[in-house]
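Analysis of the macromolecular model
Below, each chain spelled out in residue letters.
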Amino acid sequence: MTEVVVLGNRNAGGGRANRALPSLLAALRDAGHGIRLIDEPDAPRAKRALLEVPDAQALIACGGDGTVHLGLQAALHHNLAFGIVPAGSGDDCARAIGLPHGRRHRDVRRAITHCVDNLGHERRVDVIWAEAADGNREAFLGVLGAGFDSIVNARANTLTFPPGTAKYVRAMLRELGRFTPIAYRLELEHQTVEISGMLIAVGNGSTYGGGMKVCPGADVRDGVAEILIVGELPKLAFLRLFPKVFSGAHVHHPVTRVLQSAAFTLHAPGQTAWADGEYIGPTPVRLQVEPLAVRIIGAP
């Protein structure tokens, strides 16, 4: 028997997590595992509850990428095996690792079965630690942005409709009219890059916004971050470039540049950093890859 902490978020995915959570708990009980449920109404209370997980061997996050991000911090802190039942609107963390995901009820059921059946069978993946200018330090599995994409992320978090990628596109159209290019500076180990641009995205995983392949070459086991730089573009040209993010073809545009690094600092004056869809803090932000830092249940 494994003692499992289950972190739930009943509000994720427009109620999808609320429907998934009882099924996950039933599957764990049927398999003979002990359960400690953390199902708090807000993230601060859930974070406090996660500080103590006595005698647990695994933690499973049932919800969207925000729930996964919160659970990841606890799994790293307590050195627990980490399971993901994606039931949010984007589910990019599960997508990055190659875990079952999808918006249909049967997709969630498949994710639950996969997670419960693979308890005790784990494979490690990288995380990236991000330390913001205010001292907040958090790990992430997916993508960090500090620019137009983070502005859009913040706007999308205020929208309740439509779900998934469509919400991100709606937020982008709202914010593009007022956006002005950002004076970025990247301090890498052997070079400094200064550029006026639209966005810089840092990928441990390859996607954000519900499947947009912003960092298509990112790999959660290669020990480096993929850094996508999109230089300055007229707004209409940026709108023409944007659809290519769904295939990853945007990286071939003349104003884009892709770098790799295991440790670097990102300066973006006046901007805030967001990772896995969650607020990290003000820039500059220091980023450091920790290779194979977390054990993921059922990872391929």
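The structure under discussion appears in the preceding block.
So, here's what we can say about the structure. (Residues numbered from 1 in each chain as written. Predicted model: local features only at pLDDT ≥ 70, side-chain atom pairs only at ≥ 80, totals over all residues. Heavy atoms only, no water.)

Quick look at the overall build of the protein now. When you go through the protein residue by residue, the secondary structure sums to 8 helices and 15 strands. Its C-alpha radius of gyration of 19 Å places the protein within 12% of the 19 Å reference for a compact globule of 300 residues. Principal-axis analysis of the C-alpha atoms places the extent of the protein at approximately 60 × 40 × 30 Å. Burial statistics for the protein: of 300 residues in total, 56% are counted as buried. (Helix = DSSP H or I, 4+ residues; strand = E, 2+ residues; numbered from the N terminus. Rg over C-alpha atoms; globule rule 2.2 N^0.38 Å. Buried < 20%, exposed > 50% of the residue type's maximum accessible area, 1.4 Å probe, protein only.)

Counted according to the given criterion, the structure contains 2 cavities of 30 Å³ or more. Roughly 180 Å³ of internal volume is contained in the largest cavity. Listed by contribution, the elements that provide at least two residues to the lining of the largest cavity are helix H6 (148-156), helix H7 (164-176), strand E10 (225-231) and helix H8 (235-241). Looking at the lining of the largest cavity element by element, the count peaks at 3 residues for H6. Residue composition of the lining of the largest cavity, grouped by class: 14 nonpolar, 1 polar and 1 charged. Taken together, Gly83, Ile84, Pro86, Leu99, Pro100, Ala111, His114, Cys115 and Ile297 make up the lining of the second largest cavity. (1 Å grid on protein atoms, 1.4 Å probe; cavity = no way out; pocket = protein on both sides within 12 Å on 5 of 7 lines; lining within 4 Å. Points joined across faces, edges and corners; volume = space filled by probe spheres on them. Nonpolar A, V, L, I, M, F, W, Y, C, P; charged D, E, K, R; others polar.)

Take helix H5 (residues 105-117) next. Spanning 13 residues, H5 covers 18 Å between terminal C-alpha atoms, matching the ideal 18 Å at 1.5 Å per step. Burial in H5 covers these residues: Asp107, Val108, Ala111, Ile112, Cys115 and Val116. All buried residues of H5 project into a common sector of 165° when viewed along the axis, lining one side. When the buried face of H5 is taken as reference, the exposed residues oriented beyond 90 degrees from it are Arg106 and Asp117. (Expected span 1.5 Å × (residues − 1). Arc of directions from axis to C-beta.)

This brings us to unusual backbone geometry. Omega for the bond connecting threonine 283 with proline 284 falls within 30 degrees of zero, at 5°, which places this linkage in the cis form. In the Ramachandran plot, aspartate 276 falls in the positive-phi region, its phi being about 55° despite a non-glycine side chain. Structurally, aspartate 276 is set in the loop between strand E13 (272-275) and strand E14 (278-282). Aspartate 276 gets classed as buried once you look at its relative accessible area, which sits at 7%. Of note, the phi angle at leucine 292 is positive, near 50°, even though the residue is not glycine. Overall, the relative accessible area of 40% leaves leucine 292 in the partly exposed class.

With that settled, the discussion passes to the environment of cysteine 115. Structurally, the position occupied by cysteine 115 is in helix H5. Separated by 77 residues in sequence, cysteine 115 and isoleucine 38 place their C-alpha atoms 18 Å apart. Residues in contact with cysteine 115, not counting those within four places in the same chain, are Ile60, Gly83, Ile84, Val85 and Ile297. (Contact = heavy atoms within 4.5 Å.)

A separate point is the nonpolar core. Counting residues in hydrophobic clusters, the biggest one holds 52 residues, and the most contacted among them are Leu144, Leu186, Phe238, Leu266 and Leu287. Looking at this core, the element that brings in the most residues is strand E9 (residues 192-203), giving 6 residues. Sequence-distant contacts of phenylalanine 238, defined by excluding residues within four places in its chain, comprise Phe148, Met172, Leu176, Met198, Leu199, Val230 and Leu233. (Core = buried A, V, L, I, M, F, W, Y, C linked by side-chain atoms within 4.5 Å.)

The next point concerns the pattern of salt bridges. One side chain can pair with another of opposite charge once the charged atoms of both are near each other. By the definition in use, this model includes 8 salt bridges. Of the charged contacts in the structure, one is a salt bridge between glutamate 122 and arginine 295, with a shortest N-O distance of 3.1 Å. Taken together, the residues glutamate 122 in strand E5 (residues 122-131) and arginine 295 in strand E15 (residues 285-297) connect sequence positions 173 residues apart. For glutamate 122, a relative accessible area of 34% translates into the label partly exposed. (Salt bridge = Lys/Arg side-chain N within 4 Å of Asp/Glu carboxyl O.)

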